[in-house]
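This is what each chain is made of:
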Number of protein chains: 4
Amino acid sequence: MTIQDGSDVLILLGDKQFVIKIVEGQKFHTHKGYIDCSQLIGKPFGSYFKTSTGHSFVALRPSLRDYVSKFARRTQIIYPKDACSMLLWGDIKPGQRVLEAGTGSGALTAYIAQIVGKDGKVYGYDVNEDSIKITKKNLERLNLLSNVELKVGDVTQGVDLDNIDTVVLDLPTPWLAVKPLKKCLTTDAHFVSFSPTINQVEKTVLALKEANYVRIEAFETILREFDVKPDATRPKTLGITHTGYVVSARNCV
Amino acid sequence: MTIQDGSDVLILLGDKQFVIKIVEGQKFHTHKGYIDCSQLIGKPFGSYFKTSTGHSFVALRPSLRDYVSKFARRTQIIYPKDACSMLLWGDIKPGQRVLEAGTGSGALTAYIAQIVGKDGKVYGYDVNEDSIKITKKNLERLNLLSNVELKVGDVTQGVDLDNIDTVVLDLPTPWLAVKPLKKCLTTDAHFVSFSPTINQVEKTVLALKEANYVRIEAFETILREFDVKPDATRPKTLGITHTGYVVSARNCV
Amino acid sequence: MTIQDGSDVLILLGDKQFVIKIVEGQKFHTHKGYIDCSQLIGKPFGSYFKTSTGHSFVALRPSLRDYVSKFARRTQIIYPKDACSMLLWGDIKPGQRVLEAGTGSGALTAYIAQIVGKDGKVYGYDVNEDSIKITKKNLERLNLLSNVELKVGDVTQGVDLDNIDTVVLDLPTPWLAVKPLKKCLTTDAHFVSFSPTINQVEKTVLALKEANYVRIEAFETILREFDVKPDATRPKTLGITHTGYVVSARNCV
Amino acid sequence: MTIQDGSDVLILLGDKQFVIKIVEGQKFHTHKGYIDCSQLIGKPFGSYFKTSTGHSFVALRPSLRDYVSKFARRTQIIYPKDACSMLLWGDIKPGQRVLEAGTGSGALTAYIAQIVGKDGKVYGYDVNEDSIKITKKNLERLNLLSNVELKVGDVTQGVDLDNIDTVVLDLPTPWLAVKPLKKCLTTDAHFVSFSPTINQVEKTVLALKEANYVRIEAFETILREFDVKPDATRPKTLGITHTGYVVSARNCV
């Protein structure tokens, strides 16, 4: 695969990373000199280049994780470790109809839209109009908008949808959405919700029990990155110690 | 969605779970009486039923996670928390060409095959012939074999493939596969590997550095399940304290 | 140091451990034959011996952690990882006056009594009379009762003590003890409390804030044991995933 | 207890903490105005005062943990969570003879010296002369030097001591000290060692096995601090994700 005029590339320069669009004739300015886009065109992804000041960099195709980490945003972007748990516990797969509430900047929306594909559908809600606009822009860039319908709205008031396979929540009060959303779900739909506090988890689980959900699970994942050196390997000293909890469940008749 | 003759269902009975195929007229025997399959047919998934001895159970469509947890197996099945990290860090998406080595019983193969879809392809290798047979059977049941090619073989001796987007390893000596596989990969391919010991991680990371891989990451995820009760919420007391580490990287020219 | 008639010894036999008292002429029966006590007398601690059936064992002086793990008990014994945090965060040191409530079987009491020494004092309370009896017996065996005063009582009703340097709680409702105990404490006394649920932590921290405590800290410690083998080192697969949380604070005028 | 001329106090001012010595007539300058020492004298510890610019602060007796966190230092100070594990696993108690190697700035030395008391003894070694000087100064301030003997020296070359109850190591190569130190230990002495990398742990454990140590344990403790707010409690977002591992064992004849 070669880099072309218009390609998105992930630039690894020193310990920084950028996602940029290669445009013939343009320059991209960095903390270590500028990148001459023309120089990259026609070369394979994964090649090494030099900035104007002689610093070496690599150009790769951005992964979805790279794109998402660079999304324009209003709020905290969900971490990959949490996104991937929600995708798997929520059984997100090709052809599914997913209702997502609290799209924020569209990070989770992007992951879901990519997996459900053209036979699937994502209905994304957020109470904040700017969030919906940002999500739209972020997904447009990734060509992931064709199977996504975005709407300003508060799902705790119910939504006009049916046959939803999986409902995905990133809301301050997910427990308030449990009952109102029940009627738009398939009879054994998946429910996944992300919350930073344990109090939200408790309320959500109790609301799910009351609404006859089964297989209710609540968990957190702690990701520990390692510094690997020959004969001196150890977890990193500082890092993220908490993001949030996932609640997962199955609807019942 | 209604349960039909031939449907797979996930049965939740007490604290046990089974995945069974509903066959008109058949009985499924459990520790709490038998389940009369005919009784389920025509009812919606997510309904409650009773066993012959009056114990209540729920019947759901099995998620891929449910299927995988019930896979016939020769070896330890990869945990969902690790599978989902590998899928996301490996940028597994529709249309990709994936090389997986150490398919074991096909758990990771199933997740990958489902996501890459009919435009993608999974090449699965294992040195053990029985593993390949088991994987085949497990994937067949899930209709996930059409885009999967399985082969008995040792990838540390190289493989005859090209343009692989992501290589996924669950091998005792992943570091020995780094160099031999490089030439079958795209120039900026994704590499993800799973290993139980930190020594394997160290060797793999060093082999990747030597083979000019970049963006090398090594991490573990610790999943903590919670017991949620009104006003008495806490992590579970006993559980799995370690599964393994993930190494992720990008190929370079 | 040699083993004597009357010495306590920690026996390591296979993967089992026992704390026994060596009595001249007595036999101690195990799952792998009996131990002839007389055989040990006069030999150094740390020596190897054989049971009647030829199984090898080692005899060591029991550490306080060994004793405590073998305590007669009515309730769960506090784990060493939590005990040591409470001792250090509570600034337990020689000469201190400590009020402990919820002595249970006396595990924490033993640790505290040993450190505060003969110039210090531990006042131990439990609402359960049997707990107090068990604690008494456990501490007697260790000669740790001389600076300990044990009493059946509910400290949430207040206690008749003064100048307490550190209050140590292992109660179902520690928040109810915050106010009643304030007047028996030194003006800047240490407060440490252990609770299994996060709801207890929240209530205790809020009660401490209301009672003008400062430097309030809430934390848990997760202990991960490792299996160390040459070139194959990793955390253990299964284990304890949660014990409880520690709340620590300082009194204020 | 009242603050006196010459008292050490822990000042809590905003989110900062200082340990200062109160000297009649002196002023202590902070980021929020100065503290007039005279104003504190005669008032109880745990009282609130105001700086020259009207900011409120509390004055407490420093705990040993507070002192240690403010120690003059050449190297990283051991964290309380690790110090307390080593004290408990090493069975440090009144009257013991302890050999500590790699005293650094004396943090662990202080904890040990306080517990072993006047009937015990700490022999502290460090290869670095400045470390020994700093440790001396740090312990002097705490009146903890009377039972401590400090010496510049490399314990992997052996030491001229006997009847050591517990050996405590914080060395880059603890495994090299295992054999040379064996002859200065009691026959069933305790061994505890702290190391940041897993490679050090592996080598130390294997050296201990070779030297006939028993009850060998290797572990890490992960401390998670919580943000507690009414109905919004959660672990802190950022923090320390790794300090090091503890290896613990018992000597044998």
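Criteria and cut-off values
- Residues numbered from 1 in each chain as written.
- Chains lettered and ligands numbered in written order.
- Predicted model: local features only at pLDDT ≥ 70, side-chain atom pairs only at ≥ 80, totals over all residues.
- Contact = placed C-beta atoms within 7 Å.
- Helix = DSSP H or I, 4+ residues; strand = E, 2+ residues; numbered from the N terminus.
- Nonpolar A, V, L, I, M, F, W, Y, C, P; charged D, E, K, R; others polar.
- Pairing = 2+ DSSP bridges.
- Axes fitted to C-alpha atoms, helices over the stretch in contact; angles between N-to-C directions.
- Domains from an automatic or database assignment.
- Buried ≥ 20, exposed ≤ 12 C-beta atoms within 10 Å, placed from the backbone.
- Right-handed = clockwise from strand over helix to strand, strands pointing away.

## Looking at the interface of chain B and chain A
And step 1. Taken together, the contact between chain B and chain A spans 54 residues of the former and 54 residues of the latter.
And step 2. If one sorts the elements of the side of chain B that touches chain A by residue count, strand E12 (residues 214-227) of chain B sits on top with 12 residues.
And step 3. Looking at the side of chain B that touches chain A residue by residue, the classes come out as 29 nonpolar, 12 polar and 13 charged.
And step 4. Where strand E12 (residues 214-227) of chain A and E12 of chain B come together, 7 bridges link them in antiparallel fashion. Looking across to E12 of chain B, one finds that Leu-223 of chain A is bridged to Thr-221 of chain B.

## Quick word on the sheet that holds strand E1 (residues 8-13) of chain D
Residues and elements named next belong to chain D.
And step 1. Strand order in the open sheet formed by 4 strands is E2-E1-E6-E5, and the pairing between neighbours is antiparallel. Since the sheet does not close on itself, it has two edges, and those belong to strand E2 (16-21) and strand E5 (47-50), each with one partner. The mean angle between the axes of side-by-side strands here comes to 30 degrees, regardless of whether they run parallel or antiparallel.
And step 2. Of the pairings in the sheet, the one linking E1 to strand E6 (residues 56-60) comprises 4 bridges and is antiparallel in character. Paired with Leu-10 across the strands is Leu-60, a residue of E6.

## Side note on the domain arrangement of chain A
And step 1. Under the domain assignment, chain A is made up of domain 1 (8-62) and domain 2 (66-250).
And step 2. Measuring from the centre of the C-alpha atoms in domain 1 of chain A to the corresponding centre in domain 2 of chain A gives 33 Å.

## Quick notes on the sheet that holds strand E5 (residues 47-50) of chain A
Residues and elements named next belong to chain A.
And step 1. Spatial ordering of the open sheet is given by E2-E1-E6-E5, a layout of 4 strands whose pairing is antiparallel. Both outer strands of the open sheet, strand E2 (16-21) and E5, are each paired with one neighbouring strand and no more. The sheet shows a mean angle of 30 degrees between the axes of neighbouring strands, taken without regard to direction.

## Some remarks on the pairing of strand E7 (residues 97-101) of chain B
Residues and elements named next belong to chain B.
And step 1. Burial of E7 is extensive: 5 of the 5 residues sit out of reach of the surface.
And step 2. Of the two faces of E7, the one carrying Arg-97, Leu-99 and Ala-101 and the one carrying Val-98 and Glu-100 are both buried.
And step 3. Pairing geometry for E7 and strand E8 (residues 121-126), over 5 bridges, is parallel. The residue bridging Ala-101 from the neighbouring strand is Tyr-125, located in E8.
And step 4. Following the chain from E7 across helix H4 (residues 107-116) to the adjacent parallel E8, one finds a crossover that is right-handed.
And step 5. In the sheet, E7 pairs with strand E10 (residues 164-169) via 4 bridges, with the strands oriented parallel.

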